[in-house]
Amino acid sequence: MTTCITGTGLYIPPYSISNEELVESFNQYVENYNAQHADEIAAETVTALEPSSAAFIEKVSGIKSRYVMEKDGILDPEIMAPVIPYRNLGEELSIMAEMGAAALRDALADAGLEANDLDGIILACSNFQRTYPAVAIEIQNEIGMIGGFAYDMNVACSAATFGLSQAHGSIVSGLAKRIAVVNVEITSAHLNWRNRDSHFIFGDVATASIVEDLDTPKGYEILNSKLFTQFSTNIKNEYGFMDRSEFLAAQTEMYPDIKEPVTDKLFLQNGRKVFREVCPKVSEIITEHLTENELQASDVKMMWLHQANANMLDLILRTVIGKEADKAIVPSVIAEFANTSSASPMIVFHRYKDELASGDLGVICSFGAGYSIGSVLVRKV
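Just so it is clear, the model here is predicted, and its values are computed rather than measured. (Residues numbered from 1 in each chain as written. Predicted model: local features only at pLDDT ≥ 70, side-chain atom pairs only at ≥ 80, totals over all residues. Heavy atoms only, no water.)

Is there a simple way to think about the state of the cysteines in this case?
When the sulfur atoms of two cysteines share a covalent bond, that bond is a disulfide. Within this structure, the stated rule accounts for zero disulfides. The structure places no disulfide on C279, whose sulfur is separated from the nearest cysteine sulfur, that of C365, by 11 Å. (Disulfide = S-S within 2.5 Å.)

Structure, rendered in structure tokens:
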């Protein structure tokens, strides 16, 4: 039998924010902050904040806009965060499950399947709105899937490829015949919208993929995967349930040097170091993966890469395929969606999967915090 990706789905949030809208809000915040701290800035005890521009954002990232689940709070200079009401668990569907179920229904329809045709659901994301019960199980319940299993897994921006690898391995081992891999990202909630270096990076979205064991292959055959991790703090998000304990500890005499608790535990990134360290490793992993399968870079017709940064996409293309490589080999959606973490390579796959011919080779590759890198070789049936 052959393990194939037979369907994909995409959920796009209801609101979009352009660079111009984002910059207007950010620059108003900067103006307010600098006015509020004018005396300290003059005394050089506080550093003045710098404004941003839409041209700067596009130049450094390739991003022009992003989709979000809530817009008004993000663009309010006094709030600058999505204002998403709490939903009573058990009585209302959580926002992550709502997004994931929508993407999954789309993928099931694309594959010509019903919910009960699935044996498992893997929700593979960077961020989860709660620890348990698993959001994957909530999605399982919402779509009416009876029996089987569902679980959450987190490998940051590489969660999608790691999830595909887990689905493929579970099918090969006989655990299941059909598994859905769902990627839901509400990155607008983990982002510090007041950080000039990163406030423009992320957007919200949900994707889903159906992986099946088939007698008669269709869609894209999964050849195999290559996974890599290496510890780094150059990309991090420390927010979690330990915050309360750390806050209480900081108030005691046990830690006299801590005057206040760490409050900025949202997304943080040393972008320059990430660019220098991750891009070469991604190219190395893809090249090794091809070599291990006795394939050449020239065999690759398309690479669906994590949409982290337009400059990163270009560098990986040139180092894997060659300096004169056709840019169509690495399609991009970053201008429209921004960085959507784990979901981003699957958006590109969903949008461009029909452009290859039967027998063509492709690479789904993700990379991000951890560091983590996942490469999945697929061939169009």
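On we go.
Mind showing me how you'd approach the UniProt feature "domain: Beta-ketoacyl-[acyl-carrier-protein] synthase III C-terminal" (unreviewed entry) in the chain here?
As recorded in UniProt, the feature "domain: Beta-ketoacyl-[acyl-carrier-protein] synthase III C-terminal" (unreviewed entry) lies at residues 290-379. Across residues 290-379, helical content stands at 30% and strand content at 24%; the span's end C-alpha atoms are separated by 13 Å. (UniProt positions renumbered as here; feature names shortened; annotations may be inferred. Helix = DSSP H or I, 4+ residues; strand = E, 2+ residues; numbered from the N terminus.)

Before we go on, may I ask you to explain the UniProt feature "domain: Beta-ketoacyl-[acyl-carrier-protein] synthase III N-terminal" (unreviewed entry) in the chain in this structure?
When the UniProt feature table is mapped onto this chain, "domain: Beta-ketoacyl-[acyl-carrier-protein] synthase III N-terminal" (unreviewed entry) is found at residues 151-229. The span residues 151-229 is 18% helical and 43% strand by assignment, and the distance between its end C-alpha atoms comes to 21 Å.

What should I look at first to understand the environment of Y33 in this one?
Inspection of the secondary structure assignment puts Y33 in helix 1 (residues 19-36). A residue is classified by how much of its surface remains accessible, and Y33, at 21% relative accessible area, is partly exposed. C-alpha of Y33 to C-alpha of P77: the two residues are 44 residues apart in sequence and 9.9 Å apart in space. Residues contacting Y33, with those up to four places away along its chain left out, are V46, T47 and L49. (Buried < 20%, exposed > 50% of the residue type's maximum accessible area, 1.4 Å probe, protein only. Contact = heavy atoms within 4.5 Å.)

What should I look at first to understand the pattern of salt bridges in this one?
Opposite charge on two side chains allows them to pair when their charged atoms are near. Evaluated as defined, the whole model comprises 14 salt bridges. In this structure, the salt-bridge partner of E142 is R105, at a minimum N-O distance of 3.1 Å. With E142 in helix 6 (residues 135-142) and R105 in helix 5 (residues 95-111), this residue pair connects regions lying 37 residues apart in the sequence. With a relative accessible area of 40%, R105 lands in the partly exposed category. A salt bridge links K226 to E288; the shortest N-O distance between them is 3.8 Å. Of the two residues, K226 is situated in strand 8 (residues 220-229) and E288 in helix 9 (residues 271-292); the sequence distance between them amounts to 62 residues. (Salt bridge = Lys/Arg side-chain N within 4 Å of Asp/Glu carboxyl O.)

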